[in-house]
Amino acid sequence: MKLKGPPFQPTARAVLLLVAMAPLALVIAARVPAAWVLAPALAGALLVLVALDALFAGRLADVRVIAPADAEVGQAVRLTVLADFERTTARRIEAALALDPRLIDGGRLALTLKQGPDAWEGEAEVSPVRRGPGAIPAIWLRWNGPLGLGQRIAQRPLDLTVRVRPDLSPLRSGELQLFLRDADLGQVARRIRGAGAEFEALADYEPGMDRRRIDWKSSARHARLVAREYETERNTQIVFALDCGQTMCEPVAGLARIDRAITAALTTAWVALKGQDRIALFGFAARPLVATPFVAAPRDFHRLQDAAASLDYHAEEPNFTLALATLAARLKRRSLVVVFSDFTDPTSAELMIENVGRLVERHVVLFVVMEDAELSGIVTAMPEDLDDVAQAVTADALLRQRQQVLQRLRRLGVRVVEAPHETIGLRLLDAYLSVKRRGLVG
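Keep in mind it's a predicted model, so treat the numbers as computed, not measured. (Residues numbered from 1 in each chain as written. Predicted model: local features only at pLDDT ≥ 70, side-chain atom pairs only at ≥ 80, totals over all residues. Heavy atoms only, no water.)

1. As for the pattern of salt bridges
Note the threshold: Only one rule defines a salt bridge in this text: a Lys or Arg side-chain nitrogen within 4 Å of an Asp or Glu carboxyl oxygen. Only protein chains enter the accessibility calculation, which uses a 1.4 Å probe. A residue is then buried if its area is under 20% of the maximum for its type, exposed if over 50%, and partly exposed in between.
Inspection of every chain in the model, using the stated rule, returns 21 salt bridges. Close ionic contact of D62 with R64 constitutes a salt bridge, the shortest N to O distance being 3.1 Å. Among the residues examined, R64 registers a relative accessible area of 31% and is labelled partly exposed. Among the charged side chains, a network of salt bridges with common partners joins E250, R257, D342, R402 and E418.

Below is the structure:
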């Protein structure tokens, strides 16, 4: 089915010629009044040339748009346009795609097609800015005739959708592979002695071992120093609680905080599943949104990914009381709870502090927050006038209030992970491994 629209229109060259004819028509009318009919005749002739030029421009036979079915938020997506024409003399063909705003700001992508061996071809890349189904509903094509006076326009509807899912590029990065190689928990679950809380075996004490590991009764029985060795705990319950409220939907370097939090959570979840831990995902805003059951095998990772992809953006304040009370009721044993959230001022953080403090009574809590690069930039920038000085003072006060809130959480026993958005995933991994080594959950 074709979308209705004008079959052709004059080009900029034709419009300029028409404008240039206006002074000529005035001169003719002034010098030879009886010849005034020449002016409209010339204009009519130009319009006929425009129509004939557009007619000889050729006709669109077929157009195809190739797009991936799935994409990751923040990662480049390649779109390809292929078009077939009948007897066209165009040297260049312009195309415009209508896109869902999830795929590109403004919802429009322009590209130029070039003559290929089999068809006219054009490629472009877009970086999705939000998760969800990104529709590509229509395409417009425009090309000129041989004289460059008339141009044809063709519109075609499309039935394409790109599903934008969470970004998992850190799982494929070399940095994570190096991190896992040097970490206590790698991609293959193995026994790690000397750390953790689960007793593994007795071994002869050697210089350099922690003296607190000496088993004095066994040492007396064997007449030599014997030390206890431990294995890192397995089967730890870990819940990633994601705030999907208004503050977390604000962008950081082009992507919403919640999207960067989901990437960090899924990266850590993958590593934890490799370490034989049990993982669940919990999302909330004004009410609980998603609560997955615990999964315990890497083959079930897609369930966490699907649940994370379903977390929508909510322009509302999160209800920490309802959300964390619901989460606490679901946890029947001591767990590691990783809370991703943010706040704008100490007043808005009061309920969050109070309810996170209740979780600490039974569970180990990691509070993950991204550094406010915008405020830090205002504080460190060189002021040029009094307005810049006032902004810097205000930003510095907000940063101090932010640190006060985080310090209150630390005093409650919450382990705070604060880092720039580009390193928050690795910092969270480091904190998770530290909790595992120290055996805080078991």
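2. Some points on the packing of helix 9 (residues 373-380) against helix 10 (residues 386-411)
Basically, it comes down to this: Axes here mean lines fitted to C-alpha atoms, for a helix over just the part in contact, with angles spanning 0 to 180 degrees between N-to-C directions. Only runs of H or I of at least four residues qualify as helices and only runs of E of at least two qualify as strands under DSSP, and these elements are numbered from the N terminus. To sort the angles, those under 35 degrees are grouped as roughly parallel, those over 145 as roughly antiparallel, those from 65 to 115 as roughly perpendicular, and the leftovers as oblique. With the far helix as reference, a near helix turned anticlockwise by less than a right angle produces a left-handed crossing, and one turned clockwise produces a right-handed crossing. By the convention used here, residues are in contact when the closest approach between their heavy atoms is within 4.5 Å. Ten residue types, Ala, Val, Leu, Ile, Met, Phe, Trp, Tyr, Cys and Pro, are classed as nonpolar, four, Asp, Glu, Lys and Arg, as charged, and the remainder, Gly among them, as polar.
Closest axis-to-axis distance for the helix 9/helix 10 pair is 8 Å, and the angle between their directions is 135°. Classified by the interaxial angle, the pair formed by helix 9 and helix 10 is oblique. Remark: the crossing between helix 9 and helix 10 carries left-handed chirality. Residues L375, S376, I378 and V379 of helix 9 form the contact with helix 10, whose participating residues are Q391, A392, A395, D396, L398 and L399. Tallied by class, residues from the contact of helix 9 with helix 10 come to 7 nonpolar, 2 polar and 1 charged.

3. Brief notes about the confidence of the model for the chain
Worth spelling out the cut-off: pLDDT: the predictor's confidence for each residue, scored from 0 to 100.
In this model, the chain carries an average pLDDT of 83, and 86% of its residues clear a pLDDT of 70 or more. Every residue in residues 186-197 is under pLDDT 50, and counting partners more than four places away or in other chains gives 40 contacts.

4. Observations concerning the side chain of R165
Keep this limit in mind: What qualifies as a polar contact is a pair of N or O atoms within 3.5 Å, subject to a donor-acceptor requirement within protein and to the restriction that residues adjacent in sequence count only when both atoms come from side chains.
Note on placement: R165 falls in strand 9 (residues 150-165). Classification of R165 by relative accessible area gives buried; the value is 18%. Among the polar contacts listed, one links the side chain of R165 to the side chain of D306, at a separation of 2.5 Å. Setting aside anything within four residues of it in sequence, one finds R165 in contact with D70, A71, E72, V73, R131, Q305 and D306.

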